[in-house]
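# Secondary and tertiary structure notes
Chain residues, written in single-letter form:
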Amino acid sequence: MNKVQNNKAWFLVLPVFLLVAFSAIVPLMTVVNYSVQDIFDQNNAYFVGVEWYKEILNDPRLQDSLARQFMFSFTVLLIEVPLGIAVALMMPTRGWTASLTLIVLALPLLIPWNVVGTIWQIFARGDIGLLGYVINALGIDYNYTNNPIDAWATVLLMDVWHWTSLIALLCYSGLRAIPDAYYQAARIDRASSWSIFKFIQLPKLKGVLIIGILLRFMDSFMIYTEPFVLTGGGPGNSTTFLSQTLTKMAIGQFDIGPAAAFSIIYFLIVLLVSWLFFTTITHLDKDKTKEQSYD
Amino acid sequence: MSLVLENVYRKVEGVNHLHNINLEFKPGSFNVLLGRTLAGKTSLMRTIAGLDKVDSGKVFMDSEDVTLTSVQKRNISMVYQQFINYPNMTVFENIASPLKLSGTPAAEIRKRVQETAEMLHIESFLSRHPLELSGGQQQRTAMARALVKDASIILFDEPLVNLDYKLREELRQELRELFKLRNSIAIYATTEPNEALALGGTTSLLHQGQLLQSGPAIEQYHQPVNLHAADLYSEPPINLLKGHIKDAELSIENYASFPVATTFDGIEEGPYTFGIRPSHISLVPKHDSDIELSTVVDVAEISASETFLHVANQDLQMVLQLSGVHDYRTNTPVKIYIPPEKLFIFEPDGTIIKAPNAQLAGEF
Amino acid sequence: MAEIHLKGLAHSYIGNPQISSDYAIHEMDHVWQQGGAYALLGPSGCGKSTLLNLISGLIKPSHGSVLFDGVEVNNTSTQDRNIAQVFQFPVIYDSMTVYDNLAFPLRNMKVDRETIDKKVKEVAKTLDLTEILSRKANNLSADEKQKISMGRGLVRDDVSAILFDEPLTVIDPNLKWKLRRKLKQIHERYNITMVYVTHDQLEASTFANKIALMYEGKIVQFGTPRELFEEPNHTFVGFFIGSPGMNFISVEKEIVDGQLVFSFDGINFPLSQEQSDLLDNAQSHNLKIGIRPEFIQLSRVEHPESLPCKIVHTEDLGTYKILTVEVGKQQLKVRLGEDQQTPQENAFVTFPHQWVKTYVDEYLVTPSTGDSNNE
């Protein structure tokens with residue numbers, strides 16, 4: 001109701017439209033184009049319809065990495081979300097400790113992804129890495145280059161280290177937005193800490209949490225650099241995720257048609273899952289907008 | 001500068017924010033917009049400021065069509081409910097900011113800031129920052145900023161809501177004094193009838209995006225055009241009784257009938273809504289013609305010099321505004337007396353038929 | 001159920017207060033009786049919120065103590081003080097239904113299901129919430145939400161006091177009347193001590209049996225709304241209560257023709273012998289006469305003891321009129337009823353002796369207080 005209404009606004013948005021068109025829609029269309037053709041060289045391309053899609057969907061490589069990918073993304077969410085909330089709840093709210101905590105938490109987010117991979121590659125090595133060495137010294141046989149389970153655990157741990165901060169910071173800002181009166185009222189109502197969390201903090205965090213989950217899902221679903229640097233997808237194919245499979249296919253084997261079809265399928269999966277999250281958000285927020293318009 | 005709005009419409013998501021608004025603001029006038037929350041006061045102000053676009057209709061300033069002119073080119077200032085100041089600037093810099101933007105020479109700025117600050121009694125805080133001031137002083141700073149630049153139109157959107165009761169009284173009076181000397185159009189939005197009455201000037205009543213009536217507030221108080229207007233001007237809310245006039249009898253629904261008083265001559269038989277202001281009902285009969293109702297006390301709210309007596313009787317719920325202290329316990333039976341000459345009579349659709357002491361012929 | 005006793009209570013936000021202005025609350029002894037409806041009234045920054053927080057236990061007093069039924073609660077946490085609080089902005093549990101909101105405190109106290117159901121339904125009935133019990137609480141209007149926050153205090157049998165912190169701030173003007181009436185009914189029905197903090201004299205006086213008027217960290221007067229109106233014991237009370245506030249005229253003691261008079265702008269103010277003696281006995285030169293706009297009589301003709309005046313401004317507020325009149329250079333407000341005739345330009349004002357109050361150094365002096373108030 002309080003928005004400025006002016007047709008000029010559309011002209012101002014135009015550059016963004018053009019940018020999106022050139023950066024996203026045009027390449028996407030090119031990919032769609034490739035995905036329905038068999039390309040031998042620049043001059044020899046044949047229309048093959050949905051042939052590549054059929055092939056890709058039946059390809060065990062894709063099926064395997066897709067399963068791995070879902071498993072990875074959901075495990076990541078399952079660990080990072082509760083952990084992030086827990087961290088946010090424990091963070092100090094005022095004084096220099098608060099600022100310090102914020103800086104420490106923000107640090108992992110600032111490190112370039114390939115550097116994160118490199119750090120962990122060294123950190124987890126059994127011979128010179130602190131983590132790997134300590135684990136081995138404790139009598140546990142750990143080697144992420146040989147053992148698929150170790151490799152998985154390492155990639156997961158790395159992602160948790162890298163991204164839990166994001167959830168924690170989002171939740172922290174969400175928690176700060178809760179007026180003191182709520183806590184006071186809850187104390188007066190003799191609510192336990194668990195009740196306060198369940199009935200005040202969690203409902204008020206719903207908004208930021210859904211954004212956090214959405215971001216983390218999309219990001220982890222498209223993870224490439226860190227496992228590539230850390231494990232190179234191995235041992236075997238155990239940590240080869242979707243994007244890496246795709247890259248191998250497109251660049252390594254020059255199967256442009258199948259790779260394009262693969263990309264489209266990949267894109268649709270991300271879109272579908274994100275859409276599911278998005279509708280959840282709007283559905284949950286419906287009540288909230290009503291309340292706001294009342295004010 | 002004069003300001004004219006002609007057939008202005010604005011609809012947002014199917015809701016009428018402004019519906020066929022025709023208004024004229026004279027140069028140097030003080031105007032009040034009175035209406036409940038969401039009645040269209042803010043929409044109207046935003047339209048005048050050029051922040052909102054109209055669906056149809058025109059806005060003229062000095063007979064020039066400014067409907068499509070941007071807000072920056074309209075020479076308008078606005079004061080809001082919230083105390084909006086630049087927190088990192090001193091009070092002086094805050095007040096000076098609109099002048100600096102327009103490239104006024106420094107000496108001139110100093111002079112005008114000083115003058116404006118003196119008008120609003122904040123000259124001793126010029127070197128402080130707004131957040132170090134009290135709410136009243138912060139709002140004075142915001143007002144000074146609006147007044148300093150000699151805008152042709154100054155809009156006040158419920159500027160006193162967030163202030164203490166006493167401060168409101170004080171600022172309201174100052175504001176009125178201030179505008180006596182100025183040549184700009186002041187438009188002041190409020191939800192409180194007392195504020196409209198106290199500020200004086202021309203009041204426009206808004207209800208659901210429509211203009212009900214426009215004129216001096218006190219005339220509207222006595223001669224509302226319909227039920228909504230009468231209700232807007234009553235604090236506590238006006239008492240409404242459903243009933244009808246038939247066979248020379250006035251009857252109140254589910255209750256009782258009374259012989260029609262002579263003041264009702266010329267009013268046709270039919271169903272009506274009767275309205276009576278809380279201050280016009282009494283606990284003792286003043287004339288034989290007074291309508292007597294038996295009720296029980298719901299609650300007595302005693303303010304220092306007055307009592308608001310809430311009474312009820314089955315379907316009826318009424319409130320009386322009595323001077324002096326009347327301490328009644330809940331459920332005490334009381335007889336209340338309504339002087340028929342003080343009744344407002346409305347058609348079932350809310351149009352007024354008769355206001356107290358004044359017969360209205362046909363359309364208002 | 002409790003009597004709240006503030007014993008030698010003072011509070012400073014500064015660690016080691018030295019001077020008087022370091023205190024947010026100045027030392028006070030004050031008792032709120034069990035079952036009373038009280039208002040804590042004052043302008044913003046007068047310390048009323050601090051005092052409320054001291055009672056609710058949000059702040060620990062730096063000096064003195066807070067007693068509930070004679071037991072010191074300085075170190076008792078908010079929840080163990082058994083008080084309920086209604087805040088400026090409605091606090092409700094969004095994700096719960098209205099029913100669950102009301103049942104919440106009882107569930108936390110492990111009350112059995114049947115008792116909860118009975119209590120919730122009873123309170124819902126009082127608050128007119130029965131029909132919306134099954135609705136989600138976050139879709140309701142502000143006044144309904146405020147009723148829910150109040151209801152959470154009412155369902156508990158152990159609640160000793162309900163504190164209201166400007167609860168009508170976000171309520172539409174036309175609904176304020178309804179909700180305030182509800183508060184009043186609830187107070188009559190449940191025998192609970194209620195303390196209502198506000199800056200609005202109308203809200204305070206209609207809700208409370210007794211008002212504590214605060215000014216600069218002190219309770220300057222504690223009395224019924226009527227007492228505050230008729231016998232303000234400080235010029236601030238006279239100014240703050242009433243709309244418009246009390247008229248004050250500074251007067252000087254003079255001897256004219258061997259007669260003791262109190263005058264302003266060369267005009268003698270007509271006082272009774274008793275009032276004149278009171279001012280005569282005062283040591284200070286700060287002498288003021290106060291009279292409410294409601295009590296000044298205005299007339300077209302001269303009466304004994306009336307003073308000529310000029311009408312400067314008339315403000316017609318519908319149910320009453322406020323006239324600004326000038327006596328000498330002194331502007332006075334006069335409040336007239338709707339039906340009273342307003343004279344044009346020139347008239348006479350009379351000040352009935354019973355409503356004329358005398359102030360020395362801003363404090364009221366009466367025959368009974370003598371000079372005792374004049375410290």
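This is a predicted model, so every value here is computed, not measured. (Residues numbered from 1 in each chain as written. Chains lettered and ligands numbered in written order. Predicted model: local features only at pLDDT ≥ 70, side-chain atom pairs only at ≥ 80, totals over all residues. Heavy atoms only, no water.)

### Considerations on the interface of chain B and chain C
How big an interface is tends to be stated in terms of accessible area lost as the parts join. Taken together, the contact pairs 38 residues of chain B with 39 residues of chain C. In this assembly, chain B packs against chain C so that about 3400 Å² is buried in total across both faces, 51% of it on carbon and sulfur atoms. Scanning the region where chain B abuts chain C turns up 4 salt bridges. Inspection of the region where chain B meets chain C yields 16 residue pairs in polar contact (both at pLDDT 80 or more). The set of elements that each furnish at least two residues to the side of chain B that touches chain C consists of helix H5 (165-180), helix H6 (193-199), helix H7 (217-222), strand S15 (291-302), strand S16 (306-313) and strand S17 (316-323) of chain B. Per element, the largest residue contribution to the side of chain B that touches chain C is 6 residues, and it comes from H5(B). Class assignment of the residues belonging to the side of chain B that touches chain C gives a composition of 14 nonpolar, 13 polar and 11 charged. (Contact = heavy atoms within 4.5 Å. Buried area = accessible area lost by both parts, 1.4 Å probe. Salt bridge = Lys/Arg side-chain N within 4 Å of Asp/Glu carboxyl O. Polar contact = N/O pair within 3.5 Å; in protein donor to acceptor, adjacent residues only side chain to side chain. Helix = DSSP H or I, 4+ residues; strand = E, 2+ residues; numbered from the N terminus. Nonpolar A, V, L, I, M, F, W, Y, C, P; charged D, E, K, R; others polar.)

### Quick word on the pattern of salt bridges
All names here are of chain C. All told, the structure shown has 37 salt bridges over all chains when counted by the stated rule. Across the salt bridge formed by lysine 48 and glutamate 166, the nearest N and O atoms sit 3.9 Å from each other. Remark: glutamate 166 occurs in the loop between strand S7 (161-165) and helix H5 (173-189) and lysine 48 occurs in helix H1 (residues 48-56); sequence separation between them is 118 residues. Given the relative accessible area of 14%, glutamate 166 is considered buried. The salt bridge partner of lysine 288 is glutamate 362, with a shortest N-O separation of 2.8 Å. Within this pair, whereas lysine 288 is found in strand S14 (residues 287-291), its partner glutamate 362 is found in the loop between strand S20 (357-360) and strand S21 (363-365), the two being separated by 74 residues in sequence. (Buried < 20%, exposed > 50% of the residue type's maximum accessible area, 1.4 Å probe, protein only.)

### Some points on the interface of chain A and chain C
Across the contact, 18 residues belong to chain A and 29 residues belong to chain C. Counting each side, the surface lost to burial between chain A and chain C is near 2200 Å², with a carbon and sulfur contribution of 54%. In terms of surface lost to chain C, no three residues of chain A exceed A:Ile188, A:Asp189 and A:Arg190, which account for 33% of the buried area on that side. Summed over the shared surface of chain A and chain C, the result is 3 salt bridges. Across the pair C:Arg152 and A:Asp189 runs a salt bridge, and its minimum N-O distance is 2.7 Å. Joining chain A to chain C, the criterion identifies 8 residue pairs in polar contact (both at pLDDT 80 or more). At the level of elements, helix H8 (180-188), helix H9 (193-221) and helix H12 (256-294) of chain A are the ones that each hand at least two residues to the side of chain A that touches chain C. In terms of residue count, H8(A) provides more of the side of chain A that touches chain C than any other element does, 7 residues in total. Residue composition of the side of chain A that touches chain C, grouped by class: 10 nonpolar, 2 polar and 6 charged.

### Quick look at the domain arrangement of chain B
All names here are of chain B. Taken domain by domain, chain B comprises domain 1 (3-225) and domain 2 (239-361). A C-alpha centroid distance of 38 Å is found between domain 1 and domain 2. In this complex, domain 1 contributes 5 residues to the contact, which on the side of domain 2 involves 7 residues. When domain 1 packs against domain 2, close to 500 Å² is buried across both sides, 48% of that on carbon and sulfur atoms. Taken together, the connections running from domain 1 to domain 2 amount to 0 salt bridges. Linking domain 1 with domain 2 are 2 residue pairs in polar contact (both at pLDDT 80 or more), by the criterion used here. In the side of domain 1 that touches domain 2, the residues fall into 3 nonpolar, 2 polar and no charged. (Domains from an automatic or database assignment.)

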